[in-house]
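# Remarks on the overall topology
So you can see what is in the structure, the chains are spelled out below.
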Amino acid sequence: MIQGFNPAAATAAYLAQLPPELHAKAKAYTQGGHWLLLWGAVVAVIVALIILRSGVLVRVRNGVERGKPRPWLAVAAVIAVSSLAELVLGLPWDAYSSWWREKSYGLTSQPFAGWLSEHLLGAVISIVLLVILASLVYALIRRAPRTWWLWATGVVTLGFFAFNVLQPILIEPLFNTYTPAPPGAMRDTVVAMAKQAGVPSDKILIYNGSKQSNRYSANVAGAFGTARVAMSDVMFKKDADLAEVRAVVGHEMGHYVLGHWGWLTFALGVVTLIGLFLVDRLFGLVLRLTGAKGVSGLADPAGYPVVGILLAVLGLLGTPIVNSVIRITEAQADHFSLVNFNEPDGLARALVKTIEYRYDSPGRLEEVIFYDHPAVARRIRAAMDWKAAHPKPTPSAS
Ligand SMILES: [Zn+2]
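So, a few notes on the structure that sits alongside this text.

## Brief notes about the overall build of the protein
A tally of helices and strands in the protein yields 15 helices and four strands. Its C-alpha atoms give the protein principal-axis dimensions of roughly 80 × 45 × 40 Å. When each of the 398 residues of the protein is scored for burial, the buried share is 46%. Nonlocal contacts in the protein, meaning residues at least 24 apart in sequence, comprise 76% of its contacts between residues at least 6 apart. Surface accessibility of the protein: about 19,500 Å² in total, with carbon and sulfur atoms responsible for 68%. Of the side-chain charges in the protein, 35 are positive and 26 negative, and the distance between the mean point of each set is 9 Å.

## Overview of the environment of Trp261
With respect to the secondary-structure elements, Trp261 resides in helix H11 (residues 260–290). Look at Trp261 and you get partly exposed, because its relative accessible area is 28%. Spatially, the C-alpha atom of Trp261 lies 41 Å from that of Pro69, the residues being 192 residues apart in sequence. With residues near it in sequence (within four places) discarded, Trp261 still touches Phe161, Asn164, Val165, Ala223 and His255.

## Section: the coordination of the zinc ion
Four donors placed tetrahedrally around a metal ideally meet at 109.5 degrees, and six donors placed octahedrally ideally meet at 90 or 180 degrees. With distances of 1.9 to 2.1 Å, the protein atoms coordinating the zinc ion are His251 (NE2), His255 (NE2) and Glu330 (OE). Positions of the donor residues of the zinc ion, expressed as sequence spacing, correspond to H-x3-H-x74-E. Here His251 and its partner His255 are both found in helix H10 (residues 242–257), four residues apart, which amounts to about one turn of the helix. The residues His251 and His255 share a single accessibility class, namely buried.

## Quick look at helix H5 (residues 112–143)
Counted at 1.5 Å a residue, the expected span for H5 with its 32 residues is 46 Å, and the 45 Å between its end C-alpha atoms agrees. All of the buried residues along H5 are Trp115, Glu118, Ala123, Ile125, Ile127, Val131, Ala134, Ser135, Val137, Tyr138, Ala139 and Ile141. Residues of H5 that are buried make contact with helix H4 (71–104), helix H6 (148–170), helix H7 (172–175) and helix H12 (304–341).

## Things to note about the packing of aromatic side chains
Evaluation of the coordinates by the stated rule reveals nine aromatic pairs. Judged by centre distance (5.8 Å) and plane angle (25°), the rings of Tyr96 and Trp100 are stacked. With Tyr96 and Trp100 both in helix H4 and four residues apart, the pair spans about one turn of that helix. Given a relative accessible area of 33%, Tyr96 falls into the partly exposed group. Plain terms: the ring middles of Trp99 and Phe112 are 5.0 Å apart, the flat faces sit at 70° to each other, and that makes the pair edge-to-face. Residue Trp99 is located in helix H4, and its partner Phe112 is located in helix H5; the two are separated by 13 residues in the primary sequence. Among the aromatic residues, those joined into a ring-pair cluster are Trp93, Tyr96 and Trp100. Its guanidinium or amino end placed over the ring of Trp72, Arg142 lies 5.5 Å from that ring's centre, counting from NZ or CZ.

## Describing the environment of Val131
Along the chain, the position of Val131 falls in helix H5. C-alpha of Val131 to C-alpha of Leu57: the two residues are 74 residues apart in sequence and 15 Å apart in space. When near neighbours in sequence (up to four residues on either side) are disregarded, Val131 contacts Ala76, Ile79 and Ala80.

## With respect to the sheet that holds strand E2 (residues 204–207)
Spatially, the four strands line up as an open sheet ordered E1-E2-E4-E3, and their pairing is mixed. Either end of the sheet is taken by a strand with one partner, and the two such strands are strand E1 (178–180) and strand E3 (218–221). This sheet shows a mean twist of 30° between the axes of neighbouring strands, independent of strand direction. Examined bridge by bridge, E3 and strand E4 (residues 228–232) share four bridges and lie antiparallel to one another. Paired with Ala218 across the strands is Met231, a residue of E4.

## Notes on the nonpolar core
By size, the foremost hydrophobic cluster in this structure holds 38 residues, and its most contacted members are Ile79, Tyr138, Trp148, Val279, Phe283, Leu298 and Val306. Of all the secondary structure elements, the ones that give two or more residues to this core are helix H2 (20–54), helix H3 (56–65), H4, H5, H6, H11 and H12. Tallying contributions element by element places H12 first for this core, with seven residues. Excluding its chain neighbours within four sequence positions, the residues that come into contact with Tyr138 are Val75, Ile79, Leu298, Ala299, Asp300, Pro301, Tyr304 and Val307. Counting 22 residues, the second largest nonpolar core, distinct from the first, contains Met193, Ala218, Val245 and Ala350.

Parameters and conventions
- Residues numbered from 1 in each chain as written.
- Predicted model: local features only at pLDDT ≥ 70, side-chain atom pairs only at ≥ 80, totals over all residues.
- Heavy atoms only, no water.
- Helix = DSSP H or I, 4+ residues; strand = E, 2+ residues; numbered from the N terminus.
- Buried < 20%, exposed > 50% of the residue type's maximum accessible area, 1.4 Å probe, protein only.
- Contact = heavy atoms within 4.5 Å.
- Areas by Shrake-Rupley, 256 points an atom, 1.4 Å probe, with all protein chains shown as cover.
- Lys, Arg positive; Asp, Glu negative; His and termini not counted.
- Charge placed at Lys NZ, Arg CZ, Asp CG, Glu CD.
- Donors = N, O, S within 2.8 Å, 3.2 Å for Na, K, Ca; no water.
- Expected span 1.5 Å × (residues − 1).
- Phe/Tyr/Trp six-rings, centres within 6.5 Å; stacked < 30°, edge-to-face > 60°.
- Lys NZ or Arg CZ within 6 Å of the ring centre and 35° of its normal.
- Pairing = 2+ DSSP bridges.
- Axes fitted to C-alpha atoms, helices over the stretch in contact; angles between N-to-C directions.
- Core = buried A, V, L, I, M, F, W, Y, C linked by side-chain atoms within 4.5 Å.

Here you go:
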């Protein structure tokens with residue numbers, strides 16, 4: 001133990017670095033965000049109902065099939081039209097929730113045109129991936145009407161796996177510019193840490209994350225040959241000291257070394273299995289409730305918005321489960337950083353920078369339902385408890 005060091009007082013001192021009025025603003029932003037989840041699901045359901053009841057998907061299906069069954073083409077055309085309609089109808093909500101609101105809280109400086117072009121690019125990528133995925137799932141529904149949800153879970157899980165392996169090389173470069181980190185103390189530190197933790201150390205990248213967000217971020221992503229450490233340039237602009245970089249990058253390396261990616265893939269598989277099973281069981285009931293005409297059943301792509309309604313509602317109900325699975329891995333990554341790199345104050349300094357946009361002291365129930373990271377007050381307290389129990393032989397250079 002360190003003589004005279006009080007973890008509770010040290011935690012309170014860190015949190016007090018943010019003035020009370022900004023704590024209140026962070027609380028309003030965070031708790032308003034909880035409501036956004038609910039309203040987002042409501043918007044998704046309304047948009048799906050409008051598309052369904054307009055009859056446009058039935059016309060698209062009939063237009064493609066013209067009397068003879070062309071199930072693959074019908075699915076692709078209907079899903080594409082439905083997704084484009086969702087994109088257009090949902091645009092005001094998306095602009096409000098992910099651009100205007102962020103801007104009004106001072107969390108992004110991105111102009112609207114920049115946000116919109118990225119949003120549309122993201123939507124186009126999603127629609128292409130969704131058409132591929134839906135084509136496979138609808139084929140399974142036609143082949144195995146009773147057990148399709150079991151096979152579809154396998155397809156979704158494999159797709160998630162492939163997406164994660166390929167994301168660093170195929171998707172991320174579309175949004176940001178990744179360049180090798182410039183030589184210097186920061187790079188040397190991260191390379192030494194990667195070697196110590198057993199992370200590939202040949203690819204240490206910097207990306208222009210300040211383009212989208214003033215938030216402070218780094219990640220270790222990919223698998224096999226694509227794994228790399230990427231750090232936002234915000235880390236450099238905010239005068240991050242080495243202890244802080246070590247703590248944050250150590251946390252990200254923890255996710256990688258502890259295999260959280262595989263664990264999350266498994267958890268996603270379980271959640272998908274339950275969700276698709278419920279879609280199978282509830283489709284007929286919800287279709288009747290919507291009063292839509294001309295949809296013959298689950299295998300008919302014209303009923304796709306009914307699946308969308310079910311997934312929006314089930315997704316909302318599943319939020320606490322998904323958040324809790326992720327939150328546990330986040331606590332483990334903090335612990336990994338402390339055990340391997342012993343920078344409790346660096347971690348605390350990095351975490352304090354995030355409490356402007358994530359309220360630091362929610363109630364336990366609020367944390368379990370809505371937080372996909374442990375609350376910062378608890379994370380800093382864990383770091384200070386670690387510090388009290390593990391005094392450094394020599395003080396940090398910073
Ligand atoms: Zn993390």
